[in-house]
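Residue-level listing of the chains:
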Amino acid sequence: MRSIRPLLVTLGLSLVALVLQATLFRRIRFVAPDLVMLVVILGALWLRPELAVIVGFVAGLLVDLIVAGGVLGLRALAYTVVAYVASRTKNRTDIGPWAVGVWAALLSILGVVVFLVLGSLFGEAAELGENAVRRLIQVPLINGILATLLSGWVGRLIAGRRVAA
């Protein structure tokens, strides 16, 4: 039987990221990472694909319930798509931390685009409006930098041992 520890650690990191995103980064307007999406992306490196998708859905649903005031499930669906693609493309990160950063930035672009498309389909365009272009550039850039810096540490927490990335 496989251990449930990596799943619980990743969900715990998602909660910590949600608290930081809802408190600290909401007040700092010029820096706007999506920490929960970043945890979902980095968690996909060490989780089985089905667990990565579960983490993406649960983390997105928590963000929808706690932070967002719009349609319930938009971020849950966007994070689930990101988790699925991340779990299927994680072999691209074998090169090292820089590859993890570029990979996380590209997946963050995917997540923001999926969220923007879903938001416009479900009438949340007013919430996204003028910040859409800024989010499309800023979130992937900052998530990529943070992924480069934090991937080894997050990997040690999730995997429970020293990891190469």
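Remember, predicted model here, so these are calculated numbers, not experimental data.

Caption draft 1: Seen up close, the nonpolar core. One finds V36, I41 and L42 to be the most contacted residues of the largest nonpolar core, which totals 41 residues. Elements supplying a minimum of two residues to this core: α1 (5-27), α2 (35-46), α3 (49-66), α4 (74-88), α5 (97-121) and α7 (132-159). With ten residues, the top contributor of residues to this core is α2. Here I41 is in contact with V82, A86, W103, A104, L107 and S108, once residues within four sequence places are set aside.

Caption draft 2: Main features of a nonpolar patch on the surface. Together, V102, L106, I109, V113, V117, L121, F122, V133, L136 and I137 give the surface a local cluster of nonpolar side chains, amounting to about 930 Å² of exposed area. Among the secondary structure elements, those contributing two or more residues to the nonpolar patch are α5 and α7. Per-element accounting of the nonpolar patch gives the leading share, six residues, to α5.

Caption draft 3: Here's a closer look at the pattern of salt bridges. Under the counting rule described, the total for this entry stands at two salt bridges. With a closest N to O distance of 2.8 Å, R48 and E50 form a salt bridge. Salt-bridge contacts for R75 lead to D64; the nearest nitrogen and oxygen are separated by 3.9 Å. With a gap of eleven residues between them, R75 in helix α4 and D64 in helix α3 connect regions that are remote in the sequence. The residues R75 and D64 share a single accessibility class, namely buried.

Scoring rules and cut-offs
- Residues numbered from 1 in each chain as written.
- Predicted model: local features only at pLDDT ≥ 70, side-chain atom pairs only at ≥ 80, totals over all residues.
- Heavy atoms only, no water.
- Core = buried A, V, L, I, M, F, W, Y, C linked by side-chain atoms within 4.5 Å.
- Buried < 20%, exposed > 50% of the residue type's maximum accessible area, 1.4 Å probe, protein only.
- Helix = DSSP H or I, 4+ residues; strand = E, 2+ residues; numbered from the N terminus.
- Contact = heavy atoms within 4.5 Å.
- Patch = residues over 30% accessible without salt bridge, like charges linked within 9 Å, V, L, I, M, F, W, Y side chains within 5 Å.
- Areas by Shrake-Rupley, 256 points an atom, 1.4 Å probe, with all protein chains shown as cover.
- Salt bridge = Lys/Arg side-chain N within 4 Å of Asp/Glu carboxyl O.

Without other data, these values stay purely geometric and don't point to any function.
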